[in-house]
Amino acid sequence: MNAVVCINLLHISPASCTDALLQELALLLPSGALLIIYGPFMRNGAHTSASNAAFDQSLRERNHQWGLRELNQVTAIAAKAGFKTENVVSMPAKNLTLVFQRA
């Protein structure tokens, strides 16, 4: 396996799934493999747009364990699992693409 792509998952699952995803992929992916995560995130504790704030609120109303994740927390968890942040790319609709490489 050379890469894994994860699209619109982290915000519709409990935060513990983010930890589990990164820890398990660290075991499965070989050195140099890419992990690409796409979706909405908060940056520096703030929403990047009013629409993302409203989306986050609606997610949390449906399930208190759901919601937009903080970019810095996700990159810190990834680093702890053995992934280096290669790039953070701004995308349409105020989403981000996070590109990690397995050490």
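In case you missed it, the structure is sitting above this.
Residues numbered from 1 in each chain as written. Predicted model: local features only at pLDDT ≥ 70, side-chain atom pairs only at ≥ 80, totals over all residues. Heavy atoms only, no water.

Draft legend 1. Spatial organisation of the overall build of the protein. For the protein, the helix and strand inventory stands at three helices and six strands. Ordered by position from the N terminus, the helices and strands of the protein form the series β-α-β-β-α-β-α-β-β. When each of the 103 residues of the protein is scored for burial, the buried share is 38%. Within the protein, contacts between residues separated by at least 24 positions form 67% of all contacts whose residues are at least 6 apart in sequence. (Helix = DSSP H or I, 4+ residues; strand = E, 2+ residues; numbered from the N terminus. Buried < 20%, exposed > 50% of the residue type's maximum accessible area, 1.4 Å probe, protein only. Contact = heavy atoms within 4.5 Å.)

Draft legend 2. Geometry of the nonpolar core. The biggest cluster of nonpolar side chains holds 19 residues, and the ones touching the most others in it are Leu35, Ile37, Phe41, Phe83, Leu98 and Phe100. When residues of this core are assigned to their parent elements, the largest contribution, four residues, is made by helix H3 (residues 71-81). (Core = buried A, V, L, I, M, F, W, Y, C linked by side-chain atoms within 4.5 Å.)

Draft legend 3. Main features of the pattern of salt bridges. The full count for this structure, using the stated rule, is two salt bridges. The partner of Arg60 in a salt bridge is Asp56, with the nearest N and O atoms 2.9 Å apart. With Arg60 and Asp56 both in helix H2 (residues 50-62) and four residues apart, the pair spans about one turn of that helix. Assessed through its relative accessible area of 35%, Arg60 is described here as partly exposed. (Salt bridge = Lys/Arg side-chain N within 4 Å of Asp/Glu carboxyl O.)

Draft legend 4. Examining the side chain of Thr75 more closely. By the secondary structure assignment, Thr75 is in helix H3. Assessed through its relative accessible area of 18%, Thr75 is described here as buried. Among the polar contacts listed, one links the side chain of Thr75 to the backbone oxygen of Asn72, at a separation of 3.1 Å. In this view, Thr75 contacts Thr85 and Phe100; residues no more than four positions away in its chain are not counted. (Polar contact = N/O pair within 3.5 Å; in protein donor to acceptor, adjacent residues only side chain to side chain.)

Draft legend 5. Representation of unusual backbone geometry in the model. Within the chain, Asn44 stands out as a residue other than glycine whose phi angle is a positive 55°. Checked against the element boundaries, Asn44 lands in the loop between strand E3 (41-42) and H2. Backbone geometry places Ala93, a non-glycine residue, at a positive phi of 60°. Looking at where Ala93 falls in the secondary structure, it is placed in the loop between strand E5 (83-90) and strand E6 (96-102).

Draft legend 6. The arrangement of the pairing of strand E1 (residues 3-7) in detail. Where burial is concerned, the two faces of E1 differ: the one with Val4 and Cys6 is buried and the one with Ala3, Val5 and Ile7 is not. The parallel pair E1 and strand E2 (residues 34-39), bridged by helix H1 (residues 15-28), forms a crossover whose chirality is right-handed. (Right-handed = clockwise from strand over helix to strand, strands pointing away.)

Draft legend 7. Here's a closer look at the packing of aromatic side chains. Inspection of every chain in the model, using the stated rule, returns one aromatic pair. With a centroid separation of 6.5 Å and 65° between ring planes, the pair formed by Phe83 and Phe100 is classed as edge-to-face. In this pair, Phe83 sits in strand E5 while Phe100 sits in strand E6, placing the two residues 17 residues apart along the sequence. By relative accessible area, Phe83 is classed as buried at 3%. Across from the ring centre of Phe83, 5.9 Å away, lies the NZ or CZ of Arg102, which sits over that ring. (Phe/Tyr/Trp six-rings, centres within 6.5 Å; stacked < 30°, edge-to-face > 60°. Lys NZ or Arg CZ within 6 Å of the ring centre and 35° of its normal.)

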